[in-house]
Amino acid sequence: MLWSSTLYETARVDEVERSIYQMERNGFMLDVAYCDDKRRLAEADEAECMGRLEAWRHSFQHTVADFNWASSQQVIGLLHDHLDLPPSPVWKKGRVDIRAGERKLDETALDWLIHRVPPTVAPGLKELITLRRIRGSIKYLGKLPGFVAPDGYVHPVSGPASDSDDRAGTITWRLACKNPEVMQIPTDPRKDPYRVRRAFIAPPGHTLLVADEKALEVVVLAHLLVCLFDDHQLAGAVAPGAPDIHSVNARRVFGEFLDWTRHGRPVKGFPLEAFQSDDFPQLKQLRQDIKAVWYGLMYGKSAYGFATSLRDENDNPVGEEVAGRIVEALLAAIPGVARYQNYVAEYVVRHHGIPGLGGAWCDLSYLTKTGNEWAVKRAIRIGQNYPCQEGGARIIGAALADITADRVLWDAGLRVERQVHDELDCRVPTASDLSMVKDRVEAHMTRFPLKAPLQVSLGYGANWDEA
DNA sequence: CGATCACGG
DNA sequence: ACGCCGTGATCG
């Protein structure tokens, strides 16, 4: 039924597994000198930052000895007990139950505070965010060189689900990776001023090729909508040449449905390009917002959750009413998504599980058979997400297997180094025919028989950051 | 060893 | 219990 029989009859589990072992053997090269240099720099910055923080703390007569800025409890004591700052009602994952005594000081909560405390207090909070970011970079700069094996390469452990306990894996058949956790290396320059990704270098005589499946899980969803309902709208929206889907949604939802104004003009009057332009930061924000709503919806998030995660122009949570209108407008713009959600909800309740594209059955009976309302809702959220996440994993897994098995690419010296959910990173000898390599890699990555078009973006560079 | 925080998709 | 899937450092 459904979608599973229309695709690859087998999940090619053993081929994928062999490719993973090959990828581990290939390993990747690390610029140890770069790590050491940046770590020393970061540690000096950390010491300065800490000095400013301590001075700030003492300026408020907080004289506790051996105060630990890494301790949540101690920071709560400083900010909420000693300085008597109001508790933040929000954190990264949603609401804070203030009445129950819950206190959160993650970056989202600190950000909320920064906009609402006296100007003498705010600098310390900003400094604390800076300290955490510096330490986030140091974590990797310090430990990565330790993973370099005698052969000069780092060989992380990665693997699919249902492997033995000492290997990595997920229930959706995505790969996981550890020792080191290469999938968690920061990509956002604001979170990592020291650019850890620059330490992931191509070996001498090689260049790094990064091949990324564009909007992989959205394409899978588009495929499902065609299979289930013969609905081609989303497939058309992700087709080559189609305008950027998040810009379209932003203008449609905030402009046409909600009739909002930004930069002193109606949002609906702007050209689509403006939503990705640095000249219009407010429009860019709207595009980011609708993108967040889009992915949140795919994973089962509701207006309740968006009420705290979406912010208005003054950085206040938009509230459930506005969030509800945004969700409603987006679902009206892409009706297939709501139809999919309802379909899956019914299916999960009736069958106590959901199949994936590769034919695997995701059992949810441990939730649906409890009869508990919250458990059933959780089962439905997992069921809505599972085919998209699992489908994406099968597609990139098949691509990995095909690229690894391609003798032409192998003989050209191409070696897969990493897989990051929708991205494959390979090293390629600089002397090889790069356009041939590029064409073959792209062909493998788009081979999976989908009813929605899958596109690949390719980048080259001397290191992971550049590529 | 559970909770908090942070990073990625 | 109102967002899915992960790894890991650190605290208490």
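Residues numbered from 1 in each chain as written. Chains lettered and ligands numbered in written order. Predicted model: local features only at pLDDT ≥ 70, side-chain atom pairs only at ≥ 80, totals over all residues. Heavy atoms only, no water.

Here 4 strands make up an open sheet; going across it, the order is β13-β14-β8-β15 and the pairing antiparallel. If you trace the sheet from one side to the other, it starts and ends with β13 (415-419) and β15 (456-461), each paired once. For this sheet the average axis-to-axis angle between neighbouring strands, irrespective of direction, equals 25°. (Pairing = 2+ DSSP bridges. Helix = DSSP H or I, 4+ residues; strand = E, 2+ residues; numbered from the N terminus. Axes fitted to C-alpha atoms, helices over the stretch in contact; angles between N-to-C directions.)

Taken domain by domain, chain A comprises domain 1 (2-32 + 154-217 + 395-461), domain 2 (33-144) and domain 3 (233-386). The centre of domain 2, based on its C-alpha atoms, is set 32 Å off from the matching centre of domain 3. Domain 2 puts 7 residues into the contact, and the matching count from domain 3 is 8 residues. Overall, the association of domain 2 and domain 3 removes approximately 620 Å² of surface from exposure, summing both partners, and the carbon and sulfur fraction of that is 45%. Broken down residue by residue, the surface that domain 2 buries against domain 3 is led by Val90, Arg95 and Arg116, which jointly contribute 68%. Along the contact surface separating domain 2 from domain 3 lie 0 salt bridges. (Domains from an automatic or database assignment. Contact = heavy atoms within 4.5 Å. Buried area = accessible area lost by both parts, 1.4 Å probe. Salt bridge = Lys/Arg side-chain N within 4 Å of Asp/Glu carboxyl O.)

Close to DNA strand B lie 17 residues; Asp106, Gln184, Thr187, Lys191 and Asp422 are nearest. Here DNA strand B approaches the protein such that, of its atoms within 4 Å, sugar and phosphate make up 86%. Between Leu105 and DNA strand B, the recorded distance is 3.2 Å, taken from a backbone N or O atom to a phosphate oxygen. Interatomic distance of 2.7 Å between a side-chain N/O atom of Asp422 and a sugar or linking oxygen of DNA strand B. (Near = heavy atom within 4 Å. Polar contact = N/O pair within 3.5 Å; in protein donor to acceptor, adjacent residues only side chain to side chain.)

As a further point, take the side chain of Asp425. Mapped onto the elements of the fold, Asp425 is located in strand β14 (residues 423-429). Those residues in contact with Asp425, other than ones at most four positions away along the chain, are Leu209, Val210, Arg415, Val416, Glu417, Arg418, Val420 and Trp464.

Attention now goes to the pattern of salt bridges. Side-chain pairs of opposite charge can arise where the charged atoms are in close proximity. Within the structure shown, the criterion is met by 33 salt bridges. Put simply, Glu107 and Arg133 hold a salt bridge, and the shortest N to O gap is 2.4 Å. Placement of the pair is Glu107 in helix α4 (residues 107-114) and Arg133 in helix α5 (residues 122-143), with a sequence separation of 26 residues. The exposure class assigned to Arg133 is partly exposed, which follows from its relative accessible area of 25%. Taken together, the shared-partner salt bridges in this structure form one network comprising Asp192, Arg195, Arg198, Asp465 and Glu466. (Buried < 20%, exposed > 50% of the residue type's maximum accessible area, 1.4 Å probe, protein only.)

What follows deals with empty space enclosed by the protein. For the structure on display, the rule yields 5 cavities of 30 Å³ or more. Taken as a whole, the largest cavity encloses approximately 110 Å³ of empty space. The wall of the largest cavity is formed by 10 residues, among which Val16, Trp173, Ala393, Arg394 and Gly397 lie closest to the centre. Going through the elements one at a time, α1 (13-26) and α14 (373-405) are the ones with two or more residues in the lining of the largest cavity. Top element by residues in the lining of the largest cavity is α14. It accounts for 3 residues. In the lining of the largest cavity, the residues fall into 7 nonpolar, 2 polar and 1 charged. Size it by volume and the second largest cavity reaches roughly 90 Å³. (1 Å grid on protein atoms, 1.4 Å probe; cavity = no way out; pocket = protein on both sides within 12 Å on 5 of 7 lines; lining within 4 Å. Points joined across faces, edges and corners; volume = space filled by probe spheres on them. Nonpolar A, V, L, I, M, F, W, Y, C, P; charged D, E, K, R; others polar.)

Glancing now at the layout of surface pockets. Empty space among the atoms can be located by rolling a probe the size of a water molecule over them. What the second largest pocket holds in volume is close to 380 Å³. Every residue lining the second largest pocket is counted, 18 residues in all, and those nearest its centre are Lys214, Ala215, Asp244, Ile245 and Gln455. For the lining of the second largest pocket, the secondary structure elements donating two or more residues are α6 (216-229), α8 (245-257) and α9 (281-298). If one sorts the elements of the lining of the second largest pocket by residue count, α9 sits on top with 3 residues. For the lining of the second largest pocket, the class distribution of residues is 11 nonpolar, 3 polar and 4 charged. Counting contributing residues per domain, the lining of the second largest pocket is built from domain 1 (2-32 + 154-217 + 395-461) and domain 3 (233-386), each supplying no fewer than three.

In the region of DNA strand C, 29 residues are neighbours, and Asn68, Ser71, Gln184, Tyr299 and Asn372 sit closest. Taken together, the sugar and phosphate atoms account for 61% of what DNA strand C places within 4 Å of the protein. Here a phosphate oxygen of DNA strand C sits 2.4 Å away from a polar atom, N or O, in the side chain of Ser71. The separation between a base nitrogen of DNA strand C and a polar side-chain atom of Asn372 is 2.7 Å. Grouping the constituent residues of the surface near DNA strand C by class yields 8 nonpolar, 13 polar and 8 charged.

Leu221, Leu234, Phe254, Trp294, Ile326, Tyr340 and Ile354 are the most contacted members of the largest nonpolar core, which totals 70 residues. Broken down by secondary-structure element, the contributors of at least two residues to this core are α6, α7 (233-237), α8, α9, α10 (303-309), α11 (319-333), α12 (335-351) and α14. Composition of this core by domain shows at least three residues from each of domain 1 (2-32 + 154-217 + 395-461) and domain 3 (233-386). Core analysis: the second largest hydrophobic core is formed by 68 residues, Leu83, Val154, Val182 and Ile403 among them. (Core = buried A, V, L, I, M, F, W, Y, C linked by side-chain atoms within 4.5 Å.)

Looking now at the packing of aromatic side chains. The tally for this structure, following the rule as stated, stands at 10 aromatic pairs. Geometrically, the ring pair formed by Phe28 and Phe200 is stacked, given 5.0 Å between the ring centres and 25° between the ring planes. Taken together, the residues Phe28 in strand β1 (residues 28-30) and Phe200 in strand β7 (residues 200-201) connect sequence positions 172 residues apart. The same class applies to Phe28 and to Phe200, which are both buried. Between Phe67 and Trp69 the ring centres are 4.9 Å apart and the planes differ by 80°, which places this aromatic pair in the edge-to-face class. Residue Phe67 is classed as buried on the basis of its relative accessible area, which comes to 11%. Site record: aromatic cluster; members linked through ring pairs are Trp56, Phe60, Phe67 and Trp69. Above the ring of Trp173, the side-chain terminus of Arg394 is found at 4.6 Å from the ring centroid. Sitting over the ring of Trp410, Arg415 keeps its end group 3.3 Å from the ring centre. (Phe/Tyr/Trp six-rings, centres within 6.5 Å; stacked < 30°, edge-to-face > 60°. Lys NZ or Arg CZ within 6 Å of the ring centre and 35° of its normal.)

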